There are 4 protein chains.
Amino acid sequence: MSDTEGDRSPLDPMSARPLYAQLADVIAGKIRSGELAPDRPIPSENHLADEYGVARLTARRTAQELRERGLIVTVRGKGSFVVEQPPLDVSEESEIVD
Amino acid sequence: MSDTEGDRSPLDPMSARPLYAQLADVIAGKIRSGELAPDRPIPSENHLADEYGVARLTARRTAQELRERGLIVTVRGKGSFVVEQPPLDVSEESEIVD
Amino acid sequence: MSDTEGDRSPLDPMSARPLYAQLADVIAGKIRSGELAPDRPIPSENHLADEYGVARLTARRTAQELRERGLIVTVRGKGSFVVEQPPLDVSEESEIVD
Amino acid sequence: MSDTEGDRSPLDPMSARPLYAQLADVIAGKIRSGELAPDRPIPSENHLADEYGVARLTARRTAQELRERGLIVTVRGKGSFVVEQPPLDVSEESEIVD
DNA sequence: GTGGTCTAGACCACT
DNA sequence: GTGGTCTAGACCACG
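Residues numbered from 1 in each chain as written. Chains lettered and ligands numbered in written order. Predicted model: local features only at pLDDT ≥ 70, side-chain atom pairs only at ≥ 80, totals over all residues. Heavy atoms only, no water.

Here we take up the overall build of chain A. What chain A contains, in helices and strands, is three helices and two strands. Evaluated residue by residue, chain A yields a buried proportion of 32% over its 98 residues. Here chain A has roughly 6,800 Å² of accessible surface; of this, 50% comes from carbon and sulfur atoms. (Helix = DSSP H or I, 4+ residues; strand = E, 2+ residues; numbered from the N terminus. Buried < 20%, exposed > 50% of the residue type's maximum accessible area, 1.4 Å probe, protein only. Areas by Shrake-Rupley, 256 points an atom, 1.4 Å probe, with all protein chains shown as cover.)

Another point: the packing of helix H2 (residues 45–52) of chain B against helix H3 (residues 56–68) of chain B. The axes of two packed helices give the description: the angle between them and the distance between them. Residue and element names in this part refer to chain B. Across the interface, H2 lies against H3 with an axial gap of 8 Å and an inter-helix angle of 115°. In terms of crossing hand, the pair formed by H2 and H3 is right-handed. Within the contact between the two elements, H2 uses Glu45, Asn46, Leu48 and Ala49 and H3 uses Arg56, Ala59, Arg60 and Ala63. Of the residues belonging to the contact of H2 with H3, the class tally is four nonpolar, one polar and three charged. (Axes fitted to C-alpha atoms, helices over the stretch in contact; angles between N-to-C directions. Left-handed = near helix turned anticlockwise from the far one by under 90°. Contact = heavy atoms within 4.5 Å. Nonpolar A, V, L, I, M, F, W, Y, C, P; charged D, E, K, R; others polar.)

Attention shifts here to the interface of chain C and chain A. Contacts between the two partners involve five residues from chain C and, on the opposite side, five residues from chain A. In total, about 310 Å² of surface goes out of reach between chain C and chain A, with carbon and sulfur atoms giving 28% of it. At the junction of chain C and chain A, the tally comes to zero salt bridges. Here chain C is connected to chain A by zero residue pairs in polar contact (both at pLDDT 80 or more). Residues that form the side of chain C that touches chain A fall into these classes: one nonpolar, one polar and three charged. (Buried area = accessible area lost by both parts, 1.4 Å probe. Salt bridge = Lys/Arg side-chain N within 4 Å of Asp/Glu carboxyl O. Polar contact = N/O pair within 3.5 Å; in protein donor to acceptor, adjacent residues only side chain to side chain.)

On to the pattern of salt bridges, then. All names here are of chain A. Inspection of the entire model under this criterion finds 26 salt bridges over all chains. Close ionic contact of aspartate 25 with arginine 69 constitutes a salt bridge, the shortest N to O distance being 3.0 Å. In this pair, aspartate 25 sits in helix H1 (residues 19–33) while arginine 69 sits in the loop between helix H3 (56–68) and strand S1 (72–75), placing the two residues 44 residues apart along the sequence. In this structure aspartate 25 comes out as partly exposed when scored by relative accessible area, which is 32%. When the shortest N-O distance is used, the salt bridge between glutamate 65 and arginine 61 registers 3.8 Å. Here arginine 61 and glutamate 65 lie together in helix H3, a separation of four residues that amounts to about one turn.

The operation relating chain C to chain A is a screw motion whose rotation component is 180°, with 0.0 Å of axial translation and a residual RMSD of 0.0 Å. What we have between these two chains is a two-fold relation. In terms of proximity to the rotation axis, the leading residue of chain C is C:Leu57, whose C-alpha is 5.6 Å off the axis. The overlap is high: 100% of the interface residues of chain C also sit at the interface in chain A, so the same surface is used on both sides. (Least-squares fit on C-alpha atoms with pLDDT ≥ 70 in both.)

Let's shift gears to the packing of aromatic side chains. A complete count under the given rule lists zero aromatic pairs over all chains for this structure. In this arrangement the basic side chain of B:Arg61 is found over the ring face of B:Tyr20, its NZ or CZ atom lying 4.0 Å from the centre. (Phe/Tyr/Trp six-rings, centres within 6.5 Å; stacked < 30°, edge-to-face > 60°. Lys NZ or Arg CZ within 6 Å of the ring centre and 35° of its normal.)

Bringing the environment of C:Ser80 into the picture now. Residue and element names in this part refer to chain C. The residue serine 80 is located in strand S2 (residues 79–82) in this model. Using a relative accessible area of 10% as the deciding quantity, one classes serine 80 as buried. With 19 residues separating them in the primary sequence, serine 80 and arginine 61 have C-alpha atoms 13 Å apart. Dropping the residues within four chain positions of it, serine 80 is found in contact with Arg40, Pro41, Ile42, Ile72, Val73 and Thr74. At 2.8 Å, the side chain of serine 80 forms a polar contact with the side chain of threonine 74.

Moving on, we get to H3(A). Since one α-helical turn is 3.6 residues long, residues separated by three or four positions face the same way. Between the first and last C-alpha of H3(A) there are 19 Å, a value that for 13 residues agrees with the 18 Å anticipated at 1.5 Å per step. Turning to H3(A), its buried residues are A:Ala59, A:Thr62, A:Ala63, A:Gln64, A:Glu65, A:Leu66 and A:Arg67. Contacts from the buried residues of H3(A) go to H1, helix H2 (45–52) and S1 of chain A together with helix H3 (56–68) of chain C. Following H3(A) by one or two positions, A:Gly70 adopts a phi angle in the positive range, close to 80°. (Expected span 1.5 Å × (residues − 1).)

Now for unusual backbone geometry. Positive phi outside glycine occurs at B:Asp39, with the angle close to 70°. Mapped onto the elements of the fold, B:Asp39 is located in the loop between helix H1 (19–33) and H2.

Here we take up the pairing of strand S2 (residues 79–82) of chain A. Residue and element names in this part refer to chain A. Two elements, S1 and S2, share four bridges in a ladder whose sense is antiparallel. From the neighbouring strand, threonine 74 faces S2, where its bridge partner is serine 80. Hairpin remark: S1 followed by S2, antiparallel, with three residues in the connecting loop; positive phi at glycine 77, about 80°. (Pairing = 2+ DSSP bridges.)

Okay, the packing of H1(B) against H2(B) next. Residue and element names in this part refer to chain B. Contact pair H1 / H2: the axes reach a minimum separation of 12 Å and the direction vectors enclose 110°. Comparing the axis directions of H1 and H2 gives the class roughly perpendicular. Contacts between H1 and H2 involve Leu23, Val26, Ile27 and Lys30 from the first element and Leu48, Glu51 and Tyr52 from the second. Of the residues in the contact of H1 with H2, the class split is five nonpolar, no polar and two charged. (Parallel < 35°, antiparallel > 145°, perpendicular 65-115°, else oblique.)

All we've got here are geometric facts, nothing functional implied.
The following block contains the structure:
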(Lines give C-alpha, C1' and ligand atoms only; values in the text may rest on other atoms or scores of the structure.)
Protein backbone atom coordinates (compact mmCIF):
# COMPACT_ATOMS: atom_id res chain seq x y z
CA MET A 1 0.00 0.00 0.00
CA SER A 2 0.95 3.62 -0.22
CA ASP A 3 2.10 5.80 2.61
CA THR A 4 0.29 8.81 1.27
CA GLU A 5 -3.35 7.95 1.66
CA GLY A 6 -5.32 10.61 3.51
CA ASP A 7 -7.64 8.36 5.51
CA ARG A 8 -6.78 9.18 9.12
CA SER A 9 -9.88 8.82 11.28
CA PRO A 10 -11.44 5.53 12.35
CA LEU A 11 -14.63 7.38 13.29
CA ASP A 12 -17.59 7.67 10.97
CA PRO A 13 -19.95 10.55 11.89
CA MET A 14 -22.53 9.17 9.47
CA SER A 15 -22.70 5.82 11.22
CA ALA A 16 -25.76 4.94 13.26
CA ARG A 17 -23.37 3.92 16.04
CA PRO A 18 -22.77 6.91 18.30
CA LEU A 19 -19.37 8.57 18.03
CA TYR A 20 -18.67 7.94 21.71
CA ALA A 21 -19.27 4.22 21.23
CA GLN A 22 -17.09 4.14 18.13
CA LEU A 23 -14.32 5.92 20.00
CA ALA A 24 -14.75 3.56 22.95
CA ASP A 25 -14.33 0.66 20.52
CA VAL A 26 -11.08 2.19 19.24
CA ILE A 27 -9.65 2.64 22.74
CA ALA A 28 -10.89 -0.78 23.82
CA GLY A 29 -9.03 -2.26 20.84
CA LYS A 30 -5.83 -0.55 21.93
CA ILE A 31 -6.29 -1.87 25.45
CA ARG A 32 -6.88 -5.44 24.34
CA SER A 33 -3.97 -5.30 21.90
CA GLY A 34 -1.69 -4.07 24.68
CA GLU A 35 -0.97 -0.73 22.99
CA LEU A 36 -2.50 0.76 26.14
CA ALA A 37 -1.06 -1.27 29.00
CA PRO A 38 -2.55 -2.05 32.42
CA ASP A 39 -2.01 0.62 35.11
CA ARG A 40 -1.04 3.12 32.42
CA PRO A 41 -3.18 6.17 31.63
CA ILE A 42 -5.21 6.48 28.48
CA PRO A 43 -4.97 9.83 26.67
CA SER A 44 -6.72 12.69 28.46
CA GLU A 45 -10.20 13.79 27.48
CA ASN A 46 -8.84 16.90 25.80
CA HIS A 47 -6.23 14.84 23.95
CA LEU A 48 -8.82 12.36 22.70
CA ALA A 49 -11.08 15.21 21.63
CA ASP A 50 -8.27 16.85 19.66
CA GLU A 51 -6.88 13.65 18.19
CA TYR A 52 -10.22 12.30 16.99
CA GLY A 53 -11.87 15.60 16.17
CA VAL A 54 -14.78 15.26 18.59
CA ALA A 55 -16.14 17.52 21.31
CA ARG A 56 -14.79 17.12 24.79
CA LEU A 57 -18.18 15.91 26.02
CA THR A 58 -18.03 13.10 23.49
CA ALA A 59 -14.58 12.13 24.76
CA ARG A 60 -16.02 12.20 28.29
CA ARG A 61 -18.92 9.98 27.22
CA THR A 62 -16.33 7.60 25.76
CA ALA A 63 -14.61 7.37 29.14
CA GLN A 64 -17.96 6.66 30.81
CA GLU A 65 -18.55 3.88 28.30
CA LEU A 66 -15.12 2.35 28.99
CA ARG A 67 -15.77 2.55 32.76
CA GLU A 68 -19.04 0.72 32.28
CA ARG A 69 -17.21 -1.95 30.26
CA GLY A 70 -14.80 -2.29 33.17
CA LEU A 71 -11.78 -1.43 31.04
CA ILE A 72 -10.62 1.71 32.87
CA VAL A 73 -10.84 3.41 36.23
CA THR A 74 -10.92 7.18 36.50
CA VAL A 75 -9.23 9.28 39.17
CA ARG A 76 -10.21 12.93 39.55
CA GLY A 77 -7.35 15.25 38.70
CA LYS A 78 -5.11 12.36 37.63
CA GLY A 79 -6.60 10.65 34.62
CA SER A 80 -8.14 7.35 33.50
CA PHE A 81 -6.14 4.17 33.82
CA VAL A 82 -6.33 0.77 32.16
CA VAL A 83 -7.44 -1.86 34.66
CA GLU A 84 -5.15 -4.76 35.39
CA GLN A 85 -7.42 -7.46 34.06
CA PRO A 86 -10.95 -7.38 32.73
CA PRO A 87 -12.74 -7.93 36.03
CA LEU A 88 -15.38 -10.59 36.54
CA ASP A 89 -16.65 -8.92 39.70
CA VAL A 90 -16.75 -5.31 40.77
CA SER A 91 -17.53 -5.81 44.44
CA GLU A 92 -14.05 -4.79 45.55
CA GLU A 93 -13.68 -1.38 43.95
CA SER A 94 -13.78 1.82 45.94
CA GLU A 95 -13.73 5.55 45.29
CA ILE A 96 -14.29 5.16 41.58
CA VAL A 97 -16.01 8.16 40.12
CA ASP A 98 -19.05 7.82 37.97
CA MET B 1 -63.97 32.24 5.63
CA SER B 2 -63.06 35.69 4.38
CA ASP B 3 -60.44 36.60 1.82
CA THR B 4 -59.43 39.71 3.65
CA GLU B 5 -57.93 38.44 6.89
CA GLY B 6 -54.29 39.02 7.68
CA ASP B 7 -52.99 35.52 7.04
CA ARG B 8 -49.85 36.10 4.96
CA SER B 9 -48.14 32.70 5.20
CA PRO B 10 -46.62 31.53 1.91
CA LEU B 11 -47.77 27.99 2.74
CA ASP B 12 -51.12 26.62 1.61
CA PRO B 13 -52.26 23.55 3.59
CA MET B 14 -54.97 22.93 1.00
CA SER B 15 -52.52 22.61 -1.85
CA ALA B 16 -51.79 19.24 -3.38
CA ARG B 17 -48.08 20.05 -3.04
CA PRO B 18 -46.84 18.74 0.29
CA LEU B 19 -46.18 21.34 2.99
CA TYR B 20 -42.55 20.26 3.30
CA ALA B 21 -42.06 20.84 -0.43
CA GLN B 22 -43.73 24.23 -0.25
CA LEU B 23 -41.52 25.21 2.68
CA ALA B 24 -38.47 23.85 0.85
CA ASP B 25 -39.43 26.08 -2.09
CA VAL B 26 -39.58 29.10 0.23
CA ILE B 27 -36.15 28.39 1.73
CA ALA B 28 -34.71 27.58 -1.68
CA GLY B 29 -35.92 30.97 -2.88
CA LYS B 30 -34.16 32.69 -0.01
CA ILE B 31 -30.98 30.80 -0.83
CA ARG B 32 -31.06 31.69 -4.51
CA SER B 33 -31.90 35.31 -3.72
CA GLY B 34 -28.93 35.50 -1.37
CA GLU B 35 -31.08 36.22 1.68
CA LEU B 36 -29.55 33.02 3.04
CA ALA B 37 -25.86 33.21 2.14
CA PRO B 38 -23.42 30.35 1.41
CA ASP B 39 -21.74 28.81 4.47
CA ARG B 40 -24.31 30.45 6.70
CA PRO B 41 -26.82 28.40 8.68
CA ILE B 42 -30.47 28.25 7.77
CA PRO B 43 -32.94 28.64 10.66
CA SER B 44 -33.10 25.64 12.97
CA GLU B 45 -35.81 23.04 12.61
CA ASN B 46 -37.57 24.38 15.70
CA HIS B 47 -37.34 27.91 14.37
CA LEU B 48 -38.77 26.95 10.98
CA ALA B 49 -41.59 25.03 12.64
CA ASP B 50 -42.49 28.03 14.79
CA GLU B 51 -42.07 30.65 12.08
CA TYR B 52 -44.17 28.85 9.49
CA GLY B 53 -46.61 27.17 11.82
CA VAL B 54 -45.76 23.65 10.78
CA ALA B 55 -44.99 20.52 12.78
CA ARG B 56 -41.40 19.79 13.74
CA LEU B 57 -41.49 16.73 11.53
CA THR B 58 -42.48 18.85 8.57
CA ALA B 59 -39.55 21.15 9.20
CA ARG B 60 -37.32 18.09 9.39
CA ARG B 61 -38.71 16.79 6.11
CA THR B 62 -38.05 20.21 4.58
CA ALA B 63 -34.39 19.99 5.54
CA GLN B 64 -34.20 16.52 4.02
CA GLU B 65 -35.71 17.90 0.80
CA LEU B 66 -33.17 20.74 0.69
CA ARG B 67 -30.34 18.26 1.25
CA GLU B 68 -31.62 16.14 -1.62
CA ARG B 69 -31.70 19.22 -3.82
CA GLY B 70 -28.09 19.87 -2.88
CA LEU B 71 -28.82 23.28 -1.39
CA ILE B 72 -27.72 22.61 2.17
CA VAL B 73 -25.49 20.31 4.13
CA THR B 74 -26.37 19.29 7.65
CA VAL B 75 -23.83 18.94 10.45
CA ARG B 76 -24.94 16.99 13.47
CA GLY B 77 -25.13 19.20 16.53
CA LYS B 78 -24.26 22.33 14.55
CA GLY B 79 -27.01 23.06 12.06
CA SER B 80 -27.76 23.06 8.33
CA PHE B 81 -25.64 25.28 6.11
CA VAL B 82 -26.14 26.72 2.65
CA VAL B 83 -23.74 25.12 0.16
CA GLU B 84 -21.26 27.34 -1.67
CA GLN B 85 -22.69 26.97 -5.15
CA PRO B 86 -26.04 25.50 -6.11
CA PRO B 87 -25.10 22.36 -8.05
CA LEU B 88 -26.59 21.69 -11.48
CA ASP B 89 -26.63 17.92 -10.97
CA VAL B 90 -27.15 15.87 -7.86
CA SER B 91 -26.08 12.50 -9.26
CA GLU B 92 -22.60 12.82 -7.82
CA GLU B 93 -23.28 13.67 -4.22
CA SER B 94 -22.42 11.23 -1.49
CA GLU B 95 -21.87 11.14 2.27
CA ILE B 96 -24.63 13.63 2.88
CA VAL B 97 -26.62 12.71 5.94
CA ASP B 98 -30.15 11.61 5.35
CA MET C 1 -42.23 33.40 59.33
CA SER C 2 -44.19 35.25 56.72
CA ASP C 3 -46.28 33.79 53.96
CA THR C 4 -44.88 36.19 51.47
CA GLU C 5 -41.29 35.08 51.26
CA GLY C 6 -39.97 34.77 47.72
CA ASP C 7 -37.91 31.61 48.21
CA ARG C 8 -39.13 29.30 45.47
CA SER C 9 -36.32 27.01 44.39
CA PRO C 10 -35.10 24.04 46.41
CA LEU C 11 -31.83 24.12 44.44
CA ASP C 12 -28.75 25.92 45.66
CA PRO C 13 -26.23 26.66 42.90
CA MET C 14 -23.65 27.59 45.51
CA SER C 15 -23.81 24.23 47.21
CA ALA C 16 -20.94 21.83 46.86
CA ARG C 17 -23.51 19.16 45.96
CA PRO C 18 -23.97 19.15 42.19
CA LEU C 19 -27.22 20.60 40.89
CA TYR C 20 -28.13 17.33 39.20
CA ALA C 21 -27.80 15.50 42.52
CA GLN C 22 -29.85 18.13 44.34
CA LEU C 23 -32.57 17.87 41.70
CA ALA C 24 -32.42 14.08 41.89
CA ASP C 25 -32.97 14.39 45.63
CA VAL C 26 -36.04 16.56 45.03
CA ILE C 27 -37.56 14.11 42.56
CA ALA C 28 -36.65 11.15 44.73
CA GLY C 29 -38.50 12.82 47.59
CA LYS C 30 -41.61 13.20 45.45
CA ILE C 31 -41.38 9.54 44.47
CA ARG C 32 -41.02 8.32 48.04
CA SER C 33 -43.82 10.59 49.22
CA GLY C 34 -46.12 9.24 46.51
CA GLU C 35 -46.52 12.60 44.78
CA LEU C 36 -45.00 10.80 41.80
CA ALA C 37 -46.72 7.41 41.69
CA PRO C 38 -45.40 4.07 40.38
CA ASP C 39 -45.82 3.50 36.63
CA ARG C 40 -46.51 7.18 36.13
CA PRO C 41 -44.11 9.44 34.22
CA ILE C 42 -41.95 12.01 35.91
CA PRO C 43 -41.85 15.45 34.26
CA SER C 44 -39.95 15.53 30.96
CA GLU C 45 -36.36 16.70 30.78
CA ASN C 46 -37.43 19.97 29.20
CA HIS C 47 -40.11 20.47 31.84
CA LEU C 48 -37.66 19.85 34.68
CA ALA C 49 -35.14 22.21 33.08
CA ASP C 50 -37.74 24.97 32.82
CA GLU C 51 -39.30 24.40 36.22
CA TYR C 52 -36.03 24.34 38.15
CA GLY C 53 -34.11 26.79 36.00
CA VAL C 54 -31.32 24.42 34.99
CA ALA C 55 -29.89 23.45 31.64
CA ARG C 56 -31.43 20.49 29.88
CA LEU C 57 -28.19 18.55 30.23
CA THR C 58 -28.43 18.98 33.99
CA ALA C 59 -32.00 17.62 33.90
CA ARG C 60 -30.70 14.71 31.82
CA ARG C 61 -27.94 14.05 34.34
CA THR C 62 -30.65 14.04 37.03
CA ALA C 63 -32.51 11.30 35.17
CA GLN C 64 -29.31 9.28 34.89
CA GLU C 65 -28.83 9.64 38.64
CA LEU C 66 -32.39 8.45 39.33
CA ARG C 67 -31.90 5.47 37.00
CA GLU C 68 -28.74 4.54 38.87
CA ARG C 69 -30.69 4.76 42.13
CA GLY C 70 -33.24 2.38 40.63
CA LEU C 71 -36.10 4.85 41.05
CA ILE C 72 -37.09 5.29 37.40
CA VAL C 73 -36.87 3.55 34.07
CA THR C 74 -36.52 5.50 30.86
CA VAL C 75 -38.15 4.70 27.55
CA ARG C 76 -36.89 6.43 24.40
CA GLY C 77 -39.52 8.69 22.92
CA LYS C 78 -41.95 8.05 25.79
CA GLY C 79 -40.47 9.39 28.98
CA SER C 80 -39.14 8.26 32.34
CA PHE C 81 -41.41 6.27 34.67
CA VAL C 82 -41.40 5.63 38.39
CA VAL C 83 -40.59 1.99 39.11
CA GLU C 84 -43.15 -0.11 40.96
CA GLN C 85 -41.06 -0.75 44.03
CA PRO C 86 -37.52 0.12 44.90
CA PRO C 87 -35.82 -3.01 43.58
CA LEU C 88 -33.45 -5.06 45.65
CA ASP C 89 -32.00 -6.76 42.57
CA VAL C 90 -31.53 -5.49 39.06
CA SER C 91 -30.87 -8.83 37.36
CA GLU C 92 -34.29 -8.89 35.71
CA GLU C 93 -34.29 -5.60 33.86
CA SER C 94 -34.06 -5.38 30.09
CA GLU C 95 -33.86 -2.68 27.46
CA ILE C 96 -33.20 0.05 29.95
CA VAL C 97 -31.30 2.90 28.41
CA ASP C 98 -28.21 4.29 30.01
CA MET D 1 10.58 51.50 32.89
CA SER D 2 12.89 51.29 29.92
CA ASP D 3 12.87 52.42 26.57
CA THR D 4 13.20 50.34 23.51
CA GLU D 5 12.57 46.64 24.09
CA GLY D 6 9.31 45.08 22.89
CA ASP D 7 8.16 43.71 26.24
CA ARG D 8 4.88 45.46 26.87
CA SER D 9 3.27 43.27 29.54
CA PRO D 10 1.85 45.29 32.44
CA LEU D 11 2.83 42.47 34.80
CA ASP D 12 6.13 42.35 36.62
CA PRO D 13 7.03 38.89 37.96
CA MET D 14 9.81 40.44 40.05
CA SER D 15 7.46 42.70 41.95
CA ALA D 16 6.61 41.98 45.55
CA ARG D 17 2.94 42.40 44.61
CA PRO D 18 1.49 39.01 43.66
CA LEU D 19 0.87 38.41 39.97
CA TYR D 20 -2.81 37.76 40.58
CA ALA D 21 -3.15 41.13 42.31
CA GLN D 22 -1.29 42.88 39.51
CA LEU D 23 -3.54 41.27 36.93
CA ALA D 24 -6.58 42.15 39.01
CA ASP D 25 -5.38 45.75 39.00
CA VAL D 26 -5.14 45.66 35.21
CA ILE D 27 -8.65 44.27 34.80
CA ALA D 28 -10.02 46.63 37.44
CA GLY D 29 -8.56 49.51 35.45
CA LYS D 30 -10.32 48.33 32.31
CA ILE D 31 -13.56 48.10 34.25
CA ARG D 32 -13.26 51.58 35.71
CA SER D 33 -12.25 53.03 32.34
CA GLY D 34 -15.29 51.44 30.75
CA GLU D 35 -13.25 49.26 28.39
CA LEU D 36 -15.01 46.38 30.15
CA ALA D 37 -18.63 47.48 30.43
CA PRO D 38 -21.20 46.58 33.11
CA ASP D 39 -23.10 43.33 32.52
CA ARG D 40 -20.56 42.28 29.92
CA PRO D 41 -18.25 39.31 30.48
CA ILE D 42 -14.56 39.71 31.21
CA PRO D 43 -12.21 37.43 29.26
CA SER D 44 -12.33 33.79 30.33
CA GLU D 45 -9.77 32.36 32.72
CA ASN D 46 -8.08 30.52 29.86
CA HIS D 47 -8.04 33.66 27.77
CA LEU D 48 -6.51 35.75 30.57
CA ALA D 49 -3.90 33.07 31.21
CA ASP D 50 -2.90 33.03 27.54
CA GLU D 51 -3.05 36.78 27.03
CA TYR D 52 -0.95 37.69 30.05
CA GLY D 53 1.28 34.63 30.06
CA VAL D 54 0.26 33.47 33.52
CA ALA D 55 -0.80 30.07 34.83
CA ARG D 56 -4.47 29.12 34.77
CA LEU D 57 -4.47 29.10 38.54
CA THR D 58 -3.20 32.67 38.63
CA ALA D 59 -6.01 33.74 36.33
CA ARG D 60 -8.46 31.96 38.64
CA ARG D 61 -6.97 33.74 41.66
CA THR D 62 -7.37 37.01 39.78
CA ALA D 63 -11.08 36.37 39.30
CA GLN D 64 -11.42 35.57 43.00
CA GLU D 65 -9.68 38.87 43.81
CA LEU D 66 -12.05 40.81 41.53
CA ARG D 67 -15.05 39.08 43.15
CA GLU D 68 -13.76 40.07 46.57
CA ARG D 69 -13.41 43.66 45.37
CA GLY D 70 -17.02 43.51 44.21
CA LEU D 71 -16.14 44.29 40.62
CA ILE D 72 -17.43 41.09 39.01
CA VAL D 73 -19.88 38.32 39.65
CA THR D 74 -19.21 34.81 38.42
CA VAL D 75 -21.85 32.53 36.96
CA ARG D 76 -20.95 28.86 36.75
CA GLY D 77 -20.76 27.72 33.14
CA LYS D 78 -21.36 31.21 31.81
CA GLY D 79 -18.46 33.40 32.79
CA SER D 80 -17.61 36.37 35.01
CA PHE D 81 -19.48 39.62 34.49
CA VAL D 82 -18.78 43.23 35.38
CA VAL D 83 -21.17 44.46 38.06
CA GLU D 84 -23.42 47.42 37.33
CA GLN D 85 -21.89 49.93 39.71
CA PRO D 86 -18.62 49.56 41.52
CA PRO D 87 -19.64 49.45 45.20
CA LEU D 88 -18.03 51.73 47.73
CA ASP D 89 -18.30 49.16 50.48
CA VAL D 90 -18.02 45.40 50.32
CA SER D 91 -19.30 44.63 53.81
CA GLU D 92 -22.80 43.86 52.55
CA GLU D 93 -22.18 41.39 49.77
CA SER D 94 -23.30 37.81 50.17
CA GLU D 95 -24.00 34.79 48.07
CA ILE D 96 -21.13 35.54 45.73
CA VAL D 97 -19.30 32.41 44.71
CA ASP D 98 -15.82 31.99 46.00
C1' DG E 1 -42.98 15.84 21.89
C1' DT E 2 -40.09 12.46 24.24
C1' DG E 3 -35.35 11.09 25.26
C1' DG E 4 -30.50 10.61 22.69
C1' DT E 5 -26.34 12.50 20.61
C1' DC E 6 -23.38 16.26 19.59
C1' DT E 7 -20.95 20.86 19.30
C1' DA E 8 -18.67 24.76 21.76
C1' DG E 9 -16.90 26.69 25.57
C1' DA E 10 -17.29 28.35 30.29
C1' DC E 11 -15.89 27.70 35.48
C1' DC E 12 -14.80 24.17 39.49
C1' DA E 13 -12.16 20.73 42.35
C1' DC E 14 -8.17 18.34 42.84
C1' DT E 15 -3.30 16.72 42.17
C1' DG F 1 -3.31 19.99 33.67
C1' DT F 2 -6.54 16.35 34.92
C1' DG F 3 -11.41 15.10 35.25
C1' DG F 4 -16.21 17.21 36.98
C1' DT F 5 -20.14 20.30 36.45
C1' DC F 6 -22.74 23.54 33.90
C1' DT F 7 -24.85 26.62 30.23
C1' DA F 8 -26.91 27.08 25.57
C1' DG F 9 -28.69 25.25 21.72
C1' DA F 10 -28.36 22.39 17.62
C1' DC F 11 -30.02 17.90 15.00
C1' DC F 12 -31.53 12.71 15.48
C1' DA F 13 -34.48 8.55 16.49
C1' DC F 14 -38.65 7.04 18.03
C1' DG F 15 -43.70 6.78 19.22
